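# Per-entry structural report
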Amino acid sequence: MNSLKSDTTAFLDPFEIEDDWFGLEWVGFEVVLRKKLRRPRLTHAQHTLKSLNQRACCQLRKEYAQSYESREITLNYLERHSPFVARELRRQHRLHPQDI
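Rules and cut-offs
Along each chain, the written sequence defines residue order, and numbers are assigned to residues from 1. Note on the predicted model: pLDDT of at least 70 is required for a residue's local features to be given, and 80 or more for side-chain atom pairs to be given and counted; whole-chain, interface and lining totals, by contrast, use all residues. To get the side-chain values, take all heavy atoms of the structure and skip hydrogens and water. Every helix listed is a DSSP run of H or I at least four residues long, and every strand listed is a run of E at least two residues long, numbered separately from the N terminus. Our radius of gyration looks at C-alpha atoms and nothing else; its globule reference is 2.2 Å times the residue count to the power 0.38. To sort residues, take the accessible area from a 1.4 Å probe on protein chains only and compare it with the maximum for the residue type: under 20% means buried, over 50% means exposed, and anything in between is partly exposed. By the convention used here, residues are in contact when the closest approach between their heavy atoms is within 4.5 Å. Calculation of accessible area relied on Shrake-Rupley with a 1.4 Å probe; when residues are assessed, cover is drawn exclusively from the protein chains displayed. When charges are counted, Lys and Arg contribute as positive and Asp and Glu as negative, whereas His and the chain ends are disregarded. Charge positions are represented by NZ for Lys, CZ for Arg, CG for Asp and CD for Glu. Throughout this description, a polar contact denotes any pair of N or O atoms lying within 3.5 Å of each other; where both atoms belong to protein, one of them has to be capable of donating a hydrogen while the other can accept it, and for residues adjacent in sequence the pair is counted only when both atoms sit in side chains. What counts as an axis is a line fitted to C-alpha atoms, over the stretch in contact for a helix, and the angles between N-to-C directions run from 0 to 180 degrees. Should an angle fall under 35 degrees it is called roughly parallel, over 145 degrees roughly antiparallel, and 65 to 115 degrees roughly perpendicular, with every other angle called oblique. Take the far helix as your reference; a near helix turned counterclockwise from it by less than a right angle gives a left-handed crossing, and one turned clockwise gives a right-handed crossing. Each residue is assigned to one class: nonpolar for Ala, Val, Leu, Ile, Met, Phe, Trp, Tyr, Cys and Pro, charged for Asp, Glu, Lys and Arg, and polar for all the others, Gly among them. Put simply, buried Ala, Val, Leu, Ile, Met, Phe, Trp, Tyr and Cys residues joined by side-chain atoms within 4.5 Å make one nonpolar core.

### Here we look at the overall build of the chain
The helix and strand inventory of the chain stands at five helices and two strands. Taken from N to C terminus, the helices and strands of the chain fall in the order α-β-β-α-α-α-α. Relative to a compact globule of 100 residues, whose C-alpha radius of gyration would be 13 Å, the chain shows 14 Å and is just as compact. In terms of overall dimensions, the chain has a C-alpha envelope of 40 × 25 × 25 Å along the principal axes. Here the chain, with 100 residues, has 35% of them falling under the buried criterion. Excluding contacts between residues fewer than 6 apart, the proportion of contacts in the chain whose partners are at least 24 apart in sequence is 49%. Accessible surface, the chain as shown: approximately 7000 Å² in total, 50% of it carbon and sulfur. With 17 positive and 14 negative side-chain charges, the chain shows a spacing of 5 Å between the two charge centroids.

### Some points on the side chain of asparagine 53
As for its placement among the helices and strands, asparagine 53 is situated in the loop between α2 (41-52) and α3 (55-69). Reaching out from asparagine 53, the side chain makes a polar contact with the backbone nitrogen of valine 31 at a distance of 2.6 Å.

### Concerning the packing of α3 against helix α5 (residues 83-91)
In the contact formed by α3 and α5, the axes pass within 10 Å of each other and the chain directions differ by 55 degrees. When the interaxial angle is binned, α3 and α5 end up oblique. Of the two elements, α3 crosses α5, and the hand of that crossing is right-handed. In this structure, α3 contributes Arg61, Ala65, Tyr68 and Glu69 to the contact, and α5 contributes Phe84, Val85 and Leu89. Looking at side-chain class alone, the contact of α3 with α5 contains five nonpolar, no polar and two charged residues.

### Brief notes about the nonpolar core
Core analysis: the largest hydrophobic core is formed by 13 residues, its most contacted members being Trp26, Tyr68, Leu78, Val85 and Leu89. Elements supplying a minimum of two residues to this core: α3, α4 (75-81) and α5. Apart from residues lying up to four places away in sequence, leucine 89 is in contact with Trp26, Tyr68, Glu69, Leu78, Arg94 and Leu95. One finds Trp21, Leu37, Leu49 and Leu52 within the second-largest nonpolar core, a separate group that totals nine residues.

Set out below in structure tokens:
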């Protein structure tokens, strides 16, 4: 993500983002806004989403999710390498029964 944003300050600070602000949709693996935000945070969130939803980023999230679903990787591995996907699997009740 950091390599995509360049020098702009129009993005949200990752340390200010709360867990319920973003979600993951499972068709195109795009990150979506789950919470209503006020300006200027909304504007920053929209810029952040634009970068997060570039094709390469969506493809990587898809690969992580599919690798977990097919049991090629464990939840522990996913939590270390793609914590957002792991959190969304948990939030959306998509974990394997042994990982609940």
